[in-house]
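Residue strings, one per chain:
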Amino acid sequence: MRQAWWKEAVVYQVYTRSFKDSNGDGIGDLGGVLEKLDYIADLGVGIIWLNPIYRSPNDDNGYDISDYRQIMNEFGTMRLFDELLAAVHSRGMRLIMDLVVNHTSDEHEWFRRSRSSKESEFRDYYIWHPGKEGGLPNNWRSFFEGPAWELDPATGEYYLHLFSRRQPDLNWENERVRSEVRDIIRFWLEKGVDGFRMDVINLLSKAPGLPDGTDFSSLTGHDQFANGPRISEYMRFVKDSMSGYDVMTVGETTLADLETIAGYVNPEHGTVDMAINFEQVSLDRGQGVFDPIPLDLRAFKESFASWQRRLDGRGWNCLYLSNHDQPRQVSRFGEDGPNRSISAKTLATLLHTLQGTPFIMQGEEIGMTNVAFGGIDEYRDVATLNYYRERVAAGEDPAAILPRIHACSRDNARTPVQWSAEPYAGFGSAEPWIGVNPDYTTVNVESELADPDSVLQYYRRLIALRKEHPVIVYGDFSELTDQEIPVFAFERRLDATVLTTVLNLSTTDAVAVVPEEEDRRLLLASYADFEPRGSRIPLRPWEAAVWISES
Ligand code: TEU
Ligand code: CA
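Residues numbered from 1 in each chain as written. Chains lettered and ligands numbered in written order. Predicted model: local features only at pLDDT ≥ 70, side-chain atom pairs only at ≥ 80, totals over all residues. Heavy atoms only, no water.

## Side note on the overall build of the chain
Then, in step 1: Looking only at helices and strands, one finds 17 helices and 20 strands in the chain.
Then, in step 2: Relative to its length of 551 residues, the chain is compact, with a C-alpha radius of gyration of 23 Å against a globular reference of 24 Å.
Then, in step 3: C-alpha extents for the chain along the principal axes are approximately 75 × 50 × 50 Å.
Then, in step 4: The burial tally for the chain puts 61% of its 551 residues in the buried class.
Then, in step 5: The contacts of the chain with a sequence gap of at least 6 include a subset with a gap of at least 24, amounting to 69%.
Then, in step 6: Looking at charge distribution, the chain has the averaged site of its 56 positive side-chain charges lying 3 Å from that of its 86 negative ones. (Helix = DSSP H or I, 4+ residues; strand = E, 2+ residues; numbered from the N terminus. Rg over C-alpha atoms; globule rule 2.2 N^0.38 Å. Buried < 20%, exposed > 50% of the residue type's maximum accessible area, 1.4 Å probe, protein only. Contact = heavy atoms within 4.5 Å. Lys, Arg positive; Asp, Glu negative; His and termini not counted. Charge placed at Lys NZ, Arg CZ, Asp CG, Glu CD.)

Printed below as a string of structure tokens:
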């Protein structure tokens, strides 16, 4: 298998707004990232992914960019960014940026000029359409509720926005748009960034003529705008814009199945190194992202296993269960309460011993949990607020909506990182832009650092193991099948080395069945007194173990 630095490293995701506030305005900033850089480095991660830090009016927390070559005012200055990049490099880490080029902010200069007149030379930078029979141009729906079209009074035409109405979609058919994007990419590469996480990269190509789409329960029209006819060409264009640089690319690919993604990440003819897939994080959702349903553990295991098998030697997995768009993984796939710490370790073991690059969402490494704000006024996320408004308008009782928001809101992942038990969880000296999770008095970095058995220390060991044992990175994958439902067990093999992982993904006792091996050496276990003996291994609630044998 081809070796690469981005296969060997772990990615740590920094959502700057919620990471650390260095100047007391309640908003996390680049100064805060600098302040805590040694904390990140001490985890052992090799790559930092920064969510968008560009100039933005923050309708969608930076995913609405008004200037791709400036830093968001609240986050700091370009000089500070340069300092941060140098500091990351001097600690032997790399930094990747979020590239958001499916859409811009409505405050971007291009859009301001585009909307000003049909004759503007920027008109075709965006997707404009007259109404059809007095109504919308087609039936496409926005990811953030409502139609994907907004009527703009200045010219009487509609513009397309797959996300909020303040995020107009760029027109990739326009060659000038593509060359603008290439220039933006070169601008950041010349600064020395090490790659990009590319936002909804598979939505760039819309079906010609913008026809009506199929009426899907979750998102009408996505058969006309996801993985569209020119998507490979556009993604190749993005890739070619980076030629000459040793970079890593990870495409966020929503509404794409395993076969589609296998094409995107194919080492020979693909266009991205890896892709963020939505399969595992959709298994406990019904109709859309605010409809929680019970997780089918069998499907959960099978999903991971099938992605492992399909991409083994023919691609590379991006391993995650949480990010800034997803609820906290411990609350969702593990447990809050007494099993919080043990289940957080088991989920980490899963993600860090499969084949692929593990992604850690800030706060995950201390087992941060979902929040349940008392009222909608405490929520900040545009998707959450739109959903609430839409359901209320549809006549639903607000008290019935809130529990779904508690379980599913993206704000679950966006509460301030809990650094200590001090006021505002040590995030900063002023009240933060979004409420702190009240569990900060017990769940925080300071207490995790002091406890040798903490989730944080466990993450450090897991990450260190990756550097000591090439089998964790490059070993192939085979599932140890025929287990009880809560047990997930698999082997990774590299030459004579076999790494075995057994996981109990539940709160009930279970037994794992594994092959007999002589010389098992335990590398890590979620319970300190685990002993890897025999072929039938009893597992306590959320027990996880990883051992190695050289035969
Ligand atoms: O997310 C794209 C995406 O598919 C999400 O809208 C997803 O469906 C939803 O968050 C699930 O709850 C990316 C970014 O990660 C997200 O933060 C942005 O809001 C979005 O693109 C628009 O840029
Ligand atoms: Ca600040």
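## Some details on the sheet that holds strand 18 (residues 521–525)
Sheet strands associate in pairs through backbone hydrogen bonding, adopting either a parallel or an antiparallel arrangement.
Then, in step 1: Spatially, 14-15-16-20-18 is the arrangement adopted by the five strands of the open sheet, whose pairing is antiparallel. At either margin of the open sheet sits one strand with a lone partner, and together these are strand 14 (476–479) and strand 18. Here the average twist between neighbouring strands, direction ignored, is 20°.
Then, in step 2: Here four bridges tie strand 14 to strand 15 (residues 487–494), and the two strands are oriented antiparallel to one another. From the neighbouring strand, Glu479 faces strand 15, where its bridge partner is Phe490.
Then, in step 3: Lying on the sheet, helix 12 (residues 340–353) is in contact with strand 15, strand 16 (497–504) and strand 20 (544–550); it crosses strand 16 at an angle near 150°.
Then, in step 4: Those strands touched by helix 16 (residues 455–468) are strand 18 and strand 20, and its axis lies near 140° from that of strand 18. (Pairing = 2+ DSSP bridges. Axes fitted to C-alpha atoms, helices over the stretch in contact; angles between N-to-C directions.)

## A short note on the sheet that holds strand 7 (residues 149–152)
Then, in step 1: Across the sheet, which stays open at both edges, the three strands sit in the order 6-8-7 with antiparallel pairing between neighbours. Both edges of this open sheet fall to strand 6 (128–129) and strand 7, since each of them pairs with a single strand only.
Then, in step 2: Here strand 7 pairs with strand 8 (residues 157–160) via four bridges, running antiparallel. The residue bridging Glu150 from the neighbouring strand is Tyr159, located in strand 8.

## Remarks on unusual backbone geometry
Then, in step 1: Phi is positive for Asn58, which is not a glycine, with a value near 60°.
Then, in step 2: For Asn58, the position within the fold is in the loop between strand 3 (54–55) and strand 4 (67–71).
Then, in step 3: Here Asn58 falls in the buried class, since its relative accessible area comes to 14%.

## Focus: the site of ligand 1
Then, in step 1: Taken together, 18 residues surround ligand 1, and among them Asp60, His103, Asp199, His324 and Asp325 come closest.
Then, in step 2: Contacts to ligand 1 include Asp199, whose side-chain N or O atom sits 2.7 Å from an oxygen atom.
Then, in step 3: Here an oxygen atom of ligand 1 and a side-chain polar atom of Thr254 are 3.5 Å apart.
Then, in step 4: Burial of ligand 1 by the protein amounts to 95% of the accessible area it has alone, namely 500 Å². (Near = heavy atom within 4 Å. Polar contact = N/O pair within 3.5 Å; in protein donor to acceptor, adjacent residues only side chain to side chain. Areas by Shrake-Rupley, 256 points an atom, 1.4 Å probe, with all protein chains shown as cover.)

## Quick look at the coordination of the calcium ion (ligand 2)
Then, in step 1: The calcium ion (ligand 2) binds to the protein through Asp21 (OD), Asn23 (OD1), Asp25 (OD), Ile27 (O) and Asp29 (OD); the donor distances cover 2.2 to 2.4 Å.
Then, in step 2: Read in sequence order, the donor residues coordinating the calcium ion (ligand 2) give the pattern D-x1-N-x1-D-x1-I-x1-D. (Donors = N, O, S within 2.8 Å, 3.2 Å for Na, K, Ca; no water.)

## Some points on helix 8 (residues 231–240)
Then, in step 1: Here helix 8 has its buried residues at Ile231, Tyr234, Met235 and Val238. The buried side chains of helix 8 occupy one side of the element, clustering within an arc of 95° when seen end-on.
Then, in step 2: In this fold, the buried residues of helix 8 make contact with strand 5 (94–99), helix 6 (175–191), strand 9 (195–198) and helix 9 (258–264). (Arc of directions from axis to C-beta.)

## Quick notes on the pattern of salt bridges
Then, in step 1: Scanning the entire structure with this criterion turns up 40 salt bridges.
Then, in step 2: The salt bridge involving Arg197 is made with Asp98; its shortest N-O contact spans 2.9 Å. In this pair, Arg197 is assigned in strand 9 and Asp98 in strand 5, connecting sequence segments 99 residues apart. The two residues Arg197 and Asp98 agree in class, both being buried.
Then, in step 3: Across the salt bridge formed by Arg230 and Glu233, the nearest N and O atoms sit 2.8 Å from each other.
Then, in step 4: Overall, the relative accessible area of 26% leaves Arg230 in the partly exposed class. (Salt bridge = Lys/Arg side-chain N within 4 Å of Asp/Glu carboxyl O.)

## Focus on the packing of helix 4 (residues 78–90) against helix 6
To describe two helices that pack against each other, one gives the angle between their axes and the distance between the axes.
Then, in step 1: Two elements in contact, helix 4 and helix 6, have axes separated by 11 Å at closest approach and are oriented at 55°. As judged from the angle between their axes, helix 4 and helix 6 are oblique. Across from Met78, Phe81, Asp82 and Leu85 in helix 4, the residues of helix 6 making contact are Phe187, Trp188 and Lys191.
Then, in step 2: Counted by class, the contact of helix 4 with helix 6 contains five nonpolar, no polar and two charged residues. (Parallel < 35°, antiparallel > 145°, perpendicular 65-115°, else oblique. Nonpolar A, V, L, I, M, F, W, Y, C, P; charged D, E, K, R; others polar.)

## Comments concerning the nonpolar core
Then, in step 1: Counting 145 residues, the largest nonpolar core has Ile40, Phe81, Met97, Trp188, Phe196 and Met248 as its most contacted members.
Then, in step 2: It is helix 16 that provides the largest number of residues to this core, a total of seven residues.
Then, in step 3: Among all residues touching Met97, those that are not within four sequence positions of it are Leu50, Ile53, Tyr54, Phe81, Trp188, Val193, Gly195, Phe196 and Arg197.
Then, in step 4: Ile127, Tyr158, Leu162 and Val382 belong to the second largest nonpolar core, which has 17 residues in total. (Core = buried A, V, L, I, M, F, W, Y, C linked by side-chain atoms within 4.5 Å.)

## Looking at a negative patch on the surface
Then, in step 1: Residues Glu516, Glu518, Asp519 and Glu550 make up a contiguous surface patch of negative charge.
Then, in step 2: In this fold, Glu550 is placed in strand 20. (Patch = residues over 30% accessible without salt bridge, like charges linked within 9 Å, V, L, I, M, F, W, Y side chains within 5 Å.)

## Some words on the environment of Ile401
Then, in step 1: Here Ile401 shows up in helix 14 (residues 398–408).
Then, in step 2: It is 9.2 Å that separates the C-alpha atoms of Ile401 and Phe290, two residues lying 111 residues apart in sequence.
Then, in step 3: With sequence-adjacent residues up to four places away left out, Ile401 is seen in contact with Tyr387, Tyr388, Arg391, Val392 and Glu396.

## Let's talk about the domain arrangement of the chain
It is common to give the size of an interface as the accessible area lost on bringing the parts into contact.
Then, in step 1: Once the domains are mapped, the chain shows domain 1 (5–103 + 175–201 + 230–384 + 413–458), domain 2 (109–160) and domain 3 (476–550).
Then, in step 2: Spacing between the C-alpha centres of domain 2 and domain 3 amounts to 55 Å. (Domains from an automatic or database assignment.)

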